[in-house]
Amino acid sequence: MENKSLLYPCASAARRVISLDGMWRFEFDPESNGMDAGWGVGLPKPISMPVPASFCDFFTDKESREYCGDFWYETDFFVPGEWSGKDVAIRFGSVTHRARVFVNGVEVANHEGGFLPFDANVTEIVRYNQYNKLTVLANNELNEYMLPAGQTNTLSNGKKVAAPYFDFYNYAGIHRPVKLLALPKERVLDFEVTHRLVDGGAEVDYTVTTNGSHDVTVEVLDGTTKVAEASGKTGTLKITNAKLWNVHAAYLYNFVIRITDGHAVIDEYFDKIGIRTFEVKDGHFLLNGKPVYLRGFGKHEDSDIRGRGLDLATVKRDYELMKWIGANCFRTSHYPYAEELYQMADEEGFLIIDEVPAVGFMQSTMNFLAANQGNGKKVGYFEKETTPKLLENHKAALTDMITRDKNHASVIAWSILNEPQCTSEGTEAYFKPLFDLAHELDPQKRPRTYAIVMMSLPNNSKGQQFADFISLNRYYGWYVMGGMCIVDAETAFRKEMDGWAQVLNGRPMIFTEYGADTMPSEHKLPSVMWSQEYQNEYLDMNHNVFDSYGFVQGELVWNFADFQTTEGIMRANGNKKGIFTRQRQPKDAAFHFRARWTGLPVDYKGDTAQF
Ligand code: BDP
């Protein structure tokens, strides 16, 4: 799109932002008749629906909760007369999974990809000093060439049902804030920063992209005190005695970009930047040149009632719990999260492994989760007819994620896939362009990884050579050799680890998943699987293994909290591997982790020489 910009909206001397969040109108369109019937100019029988939120969990009937197909949202918005002469845009933080947007009945945007922002320029369409109608035709059907992947099945009663190849509920709706923007015609479209630590301070190289030719100036402020400035679309800002951004000790500078014409300000954009370096070197993760051991979680955007809709109250509670337990890192499994979460990680000093929604790229495993979707076939996921289309969608999502998130101090790495079927022939041809693209797009050249599924072993994982560090999802003692057999699980686990030691070539390894389903209601002495006691025994076994390999440089347990999944015989009203319940209260394991993580030094294994 012309003038495409994924910058987070901000108000300034040249920009205005109005939130359109609130109670909207909503209607299901199971026969996909809405377009022909003119729903774009008015929904016939709408019900109320809050935005942002998933629509699913408000309903008391199952057909509505499980609804799969087209659905519509509608609201009215007022455009101030004084905005005339500006560009007017509507920006969606995300709509899951696809959206066509109409203003006063005119289509203004068409977007696919349920976890990243998009906007629509509506300058020529809106009526000033009047209410305008905003309508969204959304759709939550799954297919094998989208991110995340799945299928859409049809039941004998003609209703569609989502069959995800992934282990989280297919929540849908307008999940993130919607904003009405007034923007100057000539404006900042994007910017990027890279940091260098030098004697006596830091240097920040920047590039600003605009859609015009006027001068650009950039300022860095410490609070309100200017500490560096530069002019030109690219340049270097020198900051003496820079306060570095660090884990649990974040420091953010105000970053101000202006487009000027003499003394007149054409555009002004504000952000915050944390100055830090991050790299993989000699088997370690180095933050500002010092080793850091990653500890934390794979998470989900998931909570009672609002589903996957942004809920700042839940976000706040999650950060408080992560601080309490001594975590310093999380992976945005299995999709980029709402921007507000990264801003908070920047503020709180958390490290993020940012994951694109490339999940479900393995038909055979996930099929067993729901009784209605198994076909038992083993298929090379990257040798399908749909693979070229999948790769195209994957590149688009990766591009938007890196474009959106590249300036966050908290973002330290890109996770390019979760548990792909990476033992088949097409793997390398599929992976290489994506890993190359991530490197090309990221000015900071953050390390790239992907989460490697069980049974993808050092000798048969075809994509592992592309990763800058190895990330394993392992369930020894849960899906394999659980309960009494946990002794054998440990032996098998160590054998696999010895194999990885041979192929790491100086790269660190982390665990992006390990965990055991645990019912908060169950206690048993001696333990049984699903009890809180077993979760702790499982964790002890895993931590013993991690502790005995120097190259293990991080542990992100699965999962931060219990979360909703598709129903099926493998899941008891969701996945119960949470260290916290879905209501964000601790299971026993939370105290276990708090003792471990607050006890390990920040640079645990920082001096290990054995790589
Ligand atoms: C892995 C997936 C994750 C699942 C987890 C589990 O990456 O999405 O929720 O295992 O089985 O396969 O709990």
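What you are looking at is a predicted structure, and each value in this text was computed from that prediction instead of being measured.

Cut-offs and rules
Residues numbered from 1 in each chain as written. Predicted model: local features only at pLDDT ≥ 70, side-chain atom pairs only at ≥ 80, totals over all residues. Heavy atoms only, no water. Helix = DSSP H or I, 4+ residues; strand = E, 2+ residues; numbered from the N terminus. Rg over C-alpha atoms; globule rule 2.2 N^0.38 Å. Buried < 20%, exposed > 50% of the residue type's maximum accessible area, 1.4 Å probe, protein only. Contact = heavy atoms within 4.5 Å. Areas by Shrake-Rupley, 256 points an atom, 1.4 Å probe, with all protein chains shown as cover. Lys, Arg positive; Asp, Glu negative; His and termini not counted. Charge placed at Lys NZ, Arg CZ, Asp CG, Glu CD. pLDDT = per-residue confidence, 0-100. Near = heavy atom within 4 Å. Polar contact = N/O pair within 3.5 Å; in protein donor to acceptor, adjacent residues only side chain to side chain. Nonpolar A, V, L, I, M, F, W, Y, C, P; charged D, E, K, R; others polar. Pairing = 2+ DSSP bridges. Axes fitted to C-alpha atoms, helices over the stretch in contact; angles between N-to-C directions. Left-handed = near helix turned anticlockwise from the far one by under 90°. Core = buried A, V, L, I, M, F, W, Y, C linked by side-chain atoms within 4.5 Å. Domains from an automatic or database assignment. Expected span 1.5 Å × (residues − 1).

Undergrad: How should I be thinking about the overall build of the chain in this particular structure?
TA: Summing up its helical and strand segments, the chain has nine helices and 32 strands in all. Taking 611 residues into account, the globule formula puts the C-alpha radius of gyration at 25 Å, and the chain, at 24 Å, falls close to it. Counting only C-alpha atoms, the chain reaches 70 × 70 × 45 Å along its principal axes. Expressed as a percentage of its 611 residues, the buried residues of the chain come to 61%. For the chain, the proportion of contacts with a sequence separation of at least 24, taken over those separated by at least 6, is 72%. In the structure as shown, the chain presents an accessible area of about 23,000 Å², 52% of it carried by carbon and sulfur atoms. One way to put it: in the chain the 63 positive side-chain charges average out to a point 1 Å from where the 80 negative ones average out.

Undergrad: Looking at this model, I keep getting lost on the confidence of the model for the chain. Mind explaining?
TA: In the predicted model, the chain carries a mean pLDDT of 96, and 96% of its residues have values of at least 70. Confidence drops under a pLDDT of 50 for residues 370–376, and excluding neighbours within four residues, the segment shows 14 contacts in the predicted structure.

Undergrad: Looking at this structure, I do not really get the site of the ligand. What am I missing?
TA: Residues in close proximity to the ligand total 13 residues, the closest being Asp167, His334, Glu419, Tyr479 and Lys577. Glutamate 513 has a polar side-chain atom sitting 2.7 Å from an oxygen atom of the ligand. In this structure, asparagine 575 approaches the ligand through a side-chain N or O atom, which is 2.8 Å from an oxygen atom. The fraction of the free accessible surface of the ligand (320 Å²) that becomes covered by protein chains is 94%. A breakdown of the residues in the shell around the ligand according to their chemical character gives four nonpolar, four polar and five charged.

Undergrad: Is there a simple way to think about the pairing of strand S10 (residues 130–139) in this case?
TA: Among the 10 residues of S10, seven are classified as buried, and the element is accordingly described as predominantly covered. Bridge count for strand S7 (residues 98–103) against S10 is six bridges, and the pairing is antiparallel. Its bridge partner being in S10, arginine 100 is matched across the sheet by leucine 137.

Undergrad: Explain the packing of helix H2 (residues 312–325) against helix H3 (residues 339–348) to me, please; I cannot follow it from the model alone.
TA: Taken N-terminus to C-terminus, the directions of H2 and H3 make an angle of 35°; their axes are 11 Å apart at the nearest point. The handedness of the crossing between H2 and H3 comes out as right-handed. Facing Leu312, Val315, Lys316, Tyr319 and Lys323 of H2, the residues of H3 in contact are Glu340, Leu341, Met344, Ala345 and Glu348. Of the residues assigned to the contact of H2 with H3, the class counts are six nonpolar, no polar and four charged.

Undergrad: What should I look at first to understand the nonpolar core in this one?
TA: Grouped burial of nonpolar side chains is what soluble globular proteins tend to show. One finds Phe297, Phe361, Leu417 and Met509 to be the most contacted residues of the largest nonpolar core, which totals 95 residues. Structurally, this core is a two-domain feature, drawing no fewer than three residues from each of domain 1 (16–183) and domain 3 (290–599). Not counting chain neighbours up to four residues away, the residues in contact with phenylalanine 361 comprise Met146, Leu147, Ala149, Tyr381, Phe382, Leu390, His394, Leu417, Glu419, Pro420, Gln421 and Tyr430. With 37 residues, the next largest nonpolar core counts Phe55, Phe71, Val88 and Ile90 among its residues.

Undergrad: Could you clarify how one ought to interpret the sheet that holds strand S26 (residues 329–331) in this entry?
TA: Hydrogen bonding along the main chain pairs the strands of a sheet, whether they run parallel or antiparallel. Taking strand neighbours around the barrel as the criterion, the eight strands line up as S25-S26-S27-S28-S29-S30-S31-S32 in a closed arrangement whose pairing is parallel. Adjacent strand axes in the sheet meet at a mean angle of 25° when their direction is disregarded. Of the pairings in the sheet, the one linking strand S29 (residues 448–452) to strand S30 (residues 470–473) comprises two bridges and is parallel in character. Residue isoleucine 452 lies in a different strand from S30, and its bridge partner there is leucine 472. Strands strand S25 (294–298) and strand S32 (552–558) of the sheet are contacted by helix H9 (residues 588–599), whose axis makes an angle of about 160° with S32.

Undergrad: Where do I start with the side chain of glutamine 444 in this structure?
TA: Positionally, glutamine 444 belongs in the loop between helix H6 (427–441) and S29. A polar side-chain atom of glutamine 444 sits 3.0 Å from the main-chain carbonyl oxygen of valine 193. Polar side-chain contacts of glutamine 444 include one of 3.0 Å to the side chain of arginine 276. Not counting residues within four places of it along the chain, the set of residues in contact with glutamine 444 comprises Val193, Thr194, His195, Arg276 and Lys406.

Undergrad: Got a minute to help me understand helix H5 (residues 387–405) in this structure?
TA: Helical geometry note: an α-helix holds 3.6 residues per turn, so side chains three or four residues apart project in the same direction. Taking 1.5 Å of rise per residue, the 19 residues of H5 would be expected to cover 27 Å, and the 26 Å separating its terminal C-alpha atoms lies within 8% of that figure. Structurally, H5 contributes buried residues whose contacts are with H3, strand S27 (351–355), strand S28 (411–418) and H6.

Undergrad: Could you clarify how one ought to interpret the domain arrangement of the chain in this entry?
TA: Accessible area lost when the parts come together is the quantity often used to give the size of an interface. Partitioning the chain into domains gives domain 1 (16–183), domain 2 (188–276) and domain 3 (290–599). Between the C-alpha centres of domain 1 and domain 2 there is a distance of 35 Å.

Undergrad: So what exactly am I meant to see when it comes to the sheet that holds S7 here?
TA: Taken together, the six strands give an open sheet; going across it, the order is S3-S2-S4-S10-S7-S8, and neighbouring strands pair in antiparallel fashion. Unpaired on one side and paired on the other, strand S3 (47–51) and strand S8 (106–112) mark the two borders of the sheet. Direction aside, neighbouring strands of the sheet carry axes that sit 30° apart on average.

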